[in-house]
Amino acid sequence: MEQVKTRSATREQASAQFGRFFLPGPTEVRPEVLGAQAQPMIGHREDEMHALGAELQHRLKALFRTERSVFVGTCSATGFMEAAIRNGARRRVLALVNGAFSKRFHQIAAACGMEADALEVPWGQAHDPADVERALKAKPYDAVTVVHSETSTGVLNPLAEIAWVVRPFDDVMLLVDTVSSLAGAPVHTDEWRLDFVLTGSQKALALPPGLALGVASARLMERAAGLPNRGAYFDLIEHQKSVDKNELPNTPAISLLFALHAQLRAILEGEGLAQRWERHRQMAVLVWNWVDSLSSGRGVPLSILAPPGHRSPTVTCIRLPEGRTGPQVVAAMRGRGYTIGAGYGKLKNECIRIGHMGDHTAEEVEVLLEALEEELAG
Ligand SMILES: *Cc1c(COP(=O)(O)O)cnc(C)c1O
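Computed from a predicted structure; not experimentally measured.

Provide a residue-level description of the overall build of the protein, including the pertinent values.
Scanning the protein from terminus to terminus reveals 13 helices and 13 strands. For the protein, whose C-alpha radius of gyration is 21 Å, the value lies close to the compact-globule estimate of 21 Å for 378 residues. Its C-alpha atoms put the protein at 60 × 55 × 35 Å along the principal axes. Residue pairs at least 24 apart in sequence account for 72% of intrachain contacts in the protein once pairs closer than 6 positions are excluded. For the protein, the distance from the average position of its 40 positive side-chain charges to the average position of its 44 negative side-chain charges is 4 Å.

Requested: an account of the sheet that holds strand β12 (residues 341–342), with residues and values cited.
Strand order in the open sheet formed by 4 strands is β10-β11-β13-β12, and the pairing between neighbours is antiparallel. Because the sheet does not close on itself, it has two edges, and the strands there are β10 (303–304) and β12. Strand direction decides the pairing type here: β10 and strand β11 (residues 315–319), joined by 2 bridges, are antiparallel. The partner of Ser303 across the bridge, within β11, is Arg319.

Before we move on, can you summarise the pairing of β11 with the specific residues and values?
Of all 5 residues in β11, 4 are buried; the element is thus mostly enclosed. Relative to strand β13 (residues 351–355), β11 is paired through 5 bridges, and the arrangement is antiparallel. Within the sheet, the bridge partner assigned to Thr316 lies in β13 and is Ile354.

Describe the packing of helix α4 (residues 77–88) against helix α5 (residues 100–111), naming the residues involved and giving the relevant values.
In contact at an axis separation of 9 Å, α4 and α5 are set at 50° when each is read in the N-to-C sense. With respect to α5, the axis of α4 lies oblique. In this structure, α4 meets α5 at a crossing whose hand is right-handed. Residues Thr78, Met81, Glu82, Ala84 and Ile85 of α4 form the contact with α5, whose own contacting residues are Phe101, Arg104, Phe105, Ile108 and Ala109.

Summarise the site of the ligand; cite the residues concerned and give the values.
Around the ligand, the surrounding shell holds 13 residues, and the nearest of these are Ser76, Thr78, Thr151, Asp177 and Lys203. The contact in question runs from a nitrogen atom of the ligand to an N or O atom on the side chain of Asp177, over 2.6 Å. Protein contact buries 90% of the 390 Å² of open area that the ligand shows by itself. Going through the elements one at a time, α4 and α5 are the ones with two or more residues in the shell around the ligand. The greatest single-element share of the shell around the ligand, amounting to 3 residues, is contributed by α4. Residue composition of the shell around the ligand, grouped by class: 5 nonpolar, 5 polar and 3 charged.

Tell me what's going on with the packing of aromatic side chains, and back it up with residues and numbers.
Under the criterion given, the structure shown has 3 aromatic pairs. Where Phe101 meets Tyr344, the ring centres are 5.0 Å apart and the plane angle is 45°; that geometry is what we call tilted. Residue Phe101 is found in helix α5, and its partner Tyr344 is found in the loop between β12 and β13; the two are separated by 243 residues along the sequence. Given the relative accessible area of 12%, Phe101 is considered buried. Given a relative accessible area of 28%, Tyr344 falls into the partly exposed group. Here the guanidinium or amino end of Arg20 rests over the ring plane of Tyr338, the centre of that ring lying 4.6 Å away. Sitting over the ring of Trp288, Arg311 keeps its end group 5.6 Å from the ring centre.

Outline the state of the cysteines, supporting the account with residue identities and numerical values.
According to the stated counting rule, one finds 0 disulfides in the structure shown. Of all cysteine sulfurs, the one in Cys351 lies closest to Cys317, which takes part in no disulfide; the gap is 3.8 Å. According to the relative accessible area criterion, Cys351 is buried, its value standing at 0%.

Analysis parameters
- Residues numbered from 1 in each chain as written.
- Predicted model: local features only at pLDDT ≥ 70, side-chain atom pairs only at ≥ 80, totals over all residues.
- Heavy atoms only, no water.
- Helix = DSSP H or I, 4+ residues; strand = E, 2+ residues; numbered from the N terminus.
- Rg over C-alpha atoms; globule rule 2.2 N^0.38 Å.
- Contact = heavy atoms within 4.5 Å.
- Lys, Arg positive; Asp, Glu negative; His and termini not counted.
- Charge placed at Lys NZ, Arg CZ, Asp CG, Glu CD.
- Pairing = 2+ DSSP bridges.
- Buried < 20%, exposed > 50% of the residue type's maximum accessible area, 1.4 Å probe, protein only.
- Axes fitted to C-alpha atoms, helices over the stretch in contact; angles between N-to-C directions.
- Parallel < 35°, antiparallel > 145°, perpendicular 65-115°, else oblique.
- Left-handed = near helix turned anticlockwise from the far one by under 90°.
- Near = heavy atom within 4 Å.
- Polar contact = N/O pair within 3.5 Å; in protein donor to acceptor, adjacent residues only side chain to side chain.
- Areas by Shrake-Rupley, 256 points an atom, 1.4 Å probe, with all protein chains shown as cover.
- Nonpolar A, V, L, I, M, F, W, Y, C, P; charged D, E, K, R; others polar.
- Phe/Tyr/Trp six-rings, centres within 6.5 Å; stacked < 30°, edge-to-face > 60°.
- Lys NZ or Arg CZ within 6 Å of the ring centre and 35° of its normal.
- Disulfide = S-S within 2.5 Å.

Now the structure itself:
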C-alpha cells in the first residue's frame, strides 16, 4: 500500500511539472494523452475498432501529407526500418550514413541479407544530394535509405533535394526514417514522392513509445508483392489487407491507439500542423541563439555540432567545453530537476543533446536554458 501511494505521488508531481523532460526520445507526454490510454479495451475485430481505425486513417493521412493508407505497427520505430528493407529493397542498398540511426538503417539492410553500401559523411554533417546522385550513377542500387533528422547529431538532411536526385533512377526506392522529424518539421510524403516514410510514436509525436507508423508508395507495394523474403510480422501486403478493413494484422496496442487518436486530434484540429512546425522552429532558434550568446557573450565555448542550414528543428547536439562531459552535465541538470540527453554513441562524452520537440513550448525551453546557463556559466 505504502509503495503504491509513493508512486502515485511521484506521478502527480511529474504531471504538475510538465516542461522539465527534454530527452530527445522518449519525449514528454501530456497528462491528457497519458490519460487517454486508460479506457476500457475494445475488440480488435469489432465495430469499435473499425470506427477508431477509420478516424486514425483520416488524420494520419493528413499528418503524413499523403493520400495513401498509413500502416500502424505495434513495435518501436526500428521495426518499420526493417519493414522498409524487407518490403522495399531487392538486393542492393545504398545507405546514407551520418550518425547512429542512419548507421542502424545500414546494419538492418545488411542483417536482412542485402548487399548494403554506406555513403558516409562525418557525424554532424548533412548529405549532399550531388554526392548521392554520383553514387547512384557509379553503381546500380535498388533502394536508398536516409534518416531525415539524425537524432544522434541534430542534423537535418535535405530530404526534398535528395528525393529529387533519386527520383530519376526508376528502379530505386527511397526509404526514409522521419522518426524525429515528422510532426516537428515539414514532411511531404506524396509531393516529394517518397517510397517509404516511417516514424515512431515517442519522438516529435510526443506519445508513449511502442507504435511505428509508415506509408508506402504504390510502386513500393508492387515491388513488395514480388519479394520472397518479406517475412511475416512486417509484411506490408498483410498490413494493407488489414488497413483496408480499418484493422491491424495482429492484436494491436489498443491503449496506445487511444493515445494516438487523442494526440492526432490535438495536433491537427487543435494546434494545426503548420503551427506545430513553426513552434518547433522557434524552439530550435532559441537554443541556437542561446549557444551563440553563451559562447560569444559569456566566454563559454559551446558550439552546435550541425552546420547552419542543416540543423534539425527538433533536437540540438551541443559540443561541450573542455573539462565538461555529457554524462556529468546531464547529472547536474537532473539535480536541478531537468532531464536532457548526453551525446549519442561515440559523442556521449563530448556533447549534450536537447530534445526541443513534441509538446514543449518556447517558454519552457527558455526556462530550461536559464538553468543550463547557470550550470555551465554560473
Ligand atoms: C529513436 C530513433 C529511431 C529508433 O526508434 P525506436 O523506437 O527506438 O526503435 C530510429 N531513427 C531515429 C532517427 C530515431 O530518432
